[in-house]
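# Observations on the three-dimensional arrangement
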Amino acid sequence: MYAFTLTPGQPKPALYRDLVEAALAITQDEPDGVANMANCAALLSEYLPDLNWAGFYRMVEGVLVLGPFAGKPACIRIALGHGVCGTAAATGETQLVPDVHAFPGHIACDAASRSELVVPVHRNGAVIAVIDLDSPLPARFDADDAAGIEALAQALSGRI
Ligand code: SME
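The model shown is predicted, which means the values in this text are computed figures rather than measured ones.

Take the sheet that holds strand 2 (residues 63-71) next. Judged by pairing direction, the sheet is antiparallel, and its six strands sit side by side in the order 3-2-1-6-5-4 without closing on themselves. Two strands in the sheet have a free side with no partner beyond their single neighbour: strand 3 (77-79) and strand 4 (95-97). Across this sheet, the average inter-strand angle for adjacent strands is 25°, counted without regard to direction. As paired elements, strand 1 (residues 53-60) and strand 6 (residues 126-135) share six bridges and run antiparallel to each other. When the sheet's bridge partners are listed, Gly-55 is paired in strand 6 with Asp-132. The strands touched by helix 2 (residues 33-47) within the sheet are strand 1, strand 2 and strand 6, with strand 1 carrying the most contacts at an inclination of about 155°.

Below, the discussion takes up the side chain of Thr-87. Relative to the helices and strands, Thr-87 resides in helix 3 (residues 83-91). What makes Thr-87 buried here is its relative accessible area of 18%. What Thr-87 contacts, discounting residues up to four positions off in sequence, is Gly-81, His-82, Gly-92, Gln-95 and Phe-103.

With that out of the way, let us pick up the pairing of strand 6. Of all ten residues that make up strand 6, eight are buried, and the element is covered over most of its length. Where strand 5 (residues 115-123) and strand 6 come together, nine bridges link them in antiparallel fashion. Bridged to Glu-116 within strand 6 is Asp-134.

In the neighbourhood of the ligand, 13 residues make up the surrounding shell, with Val-84, Cys-85, Ile-107, Glu-116 and Asp-134 lying closest. Val-84 has a polar backbone atom sitting 2.9 Å from an oxygen atom of the ligand. One of the side-chain N or O atoms of Glu-116 is found 3.0 Å from a nitrogen atom in the ligand. When the free accessible area of the ligand is taken as 310 Å², the share hidden by the protein chains comes to 100%. Taken together, the elements giving at least two residues each to the shell around the ligand come down to strand 1, helix 3 and strand 6. No other element matches the three residues that helix 3 contributes to the shell around the ligand.

In this description, an aromatic ring pair is defined by two values, namely the gap between the centres and the angle between the planes. Inspection of the entire model under this criterion finds two aromatic pairs. Judged by centre distance (5.9 Å) and plane angle (25°), the ring pair of Trp-53 and Tyr-57 falls under stacked. Here the two residues Trp-53 and Tyr-57 agree in accessibility, since each one is buried. An angle of 15° between the planes, with centres 5.0 Å apart, marks the rings of Trp-53 and Phe-69 as stacked. Linking Trp-53 in strand 1 with Phe-69 in strand 2, this pair joins segments that are 16 residues apart in sequence. The exposure class of Phe-69 is partly exposed, given its relative accessible area of 30%.

Another point: helix 1 (residues 12-27). Here helix 1 contains 16 residues, and its C-alpha end-to-end distance of 22 Å stays within 8% of the 22 Å for a straight helix at 1.5 Å per residue. Taken residue by residue, helix 1 has Ala-14, Leu-15, Tyr-16, Leu-19, Val-20, Ala-22, Ala-23, Ile-26 and Thr-27 as its buried positions. Lining the buried residues of helix 1 we find helix 2 and helix 4 (143-156). Positive phi appears at Asp-29, one or two residues downstream of helix 1, with a value of about 65°.

Rules and cut-offs
- Residues numbered from 1 in each chain as written.
- Predicted model: local features only at pLDDT ≥ 70, side-chain atom pairs only at ≥ 80, totals over all residues.
- Heavy atoms only, no water.
- Pairing = 2+ DSSP bridges.
- Helix = DSSP H or I, 4+ residues; strand = E, 2+ residues; numbered from the N terminus.
- Axes fitted to C-alpha atoms, helices over the stretch in contact; angles between N-to-C directions.
- Contact = heavy atoms within 4.5 Å.
- Buried < 20%, exposed > 50% of the residue type's maximum accessible area, 1.4 Å probe, protein only.
- Near = heavy atom within 4 Å.
- Polar contact = N/O pair within 3.5 Å; in protein donor to acceptor, adjacent residues only side chain to side chain.
- Areas by Shrake-Rupley, 256 points an atom, 1.4 Å probe, with all protein chains shown as cover.
- Phe/Tyr/Trp six-rings, centres within 6.5 Å; stacked < 30°, edge-to-face > 60°.
- Expected span 1.5 Å × (residues − 1).

By themselves these figures say nothing about function.
Shown next as structure tokens:
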């Protein structure tokens, strides 16, 4: 059993520092990337408020393929450049989407989603996965969330 001192409601930079520390702790010395993504999806879902989906898509032979997540069943394969996830993977840049209905080509896996944050995970100059967070609240994510999840992506780069 893992016990963490994460305190929901604390200022976001502190919350994300704790979250990254917890993610590093639960993935330490574990070489299985699926296990590490599964525990980190659970961590994200458990400790970040107002999410309806949190998880990973992995780059497999040039396509994003669904990885471990917490939330409703989701679309399995996303082509590069398609949707928010495929845009993040194709550009290598974080996608902060305050209103998913205003994002051209947004892929609606859960009709409840209103805003979304997708952060690419880079390794050796390539995008190997994306971390996807969905919220039922409009404009749920801000620059602090983006910076926090980017720090998580960097921390997990060699562990997934
Ligand atoms: N909305 C995403 C698809 C993945 S689900 O949100 C889990 C997109 O547009 O790429």
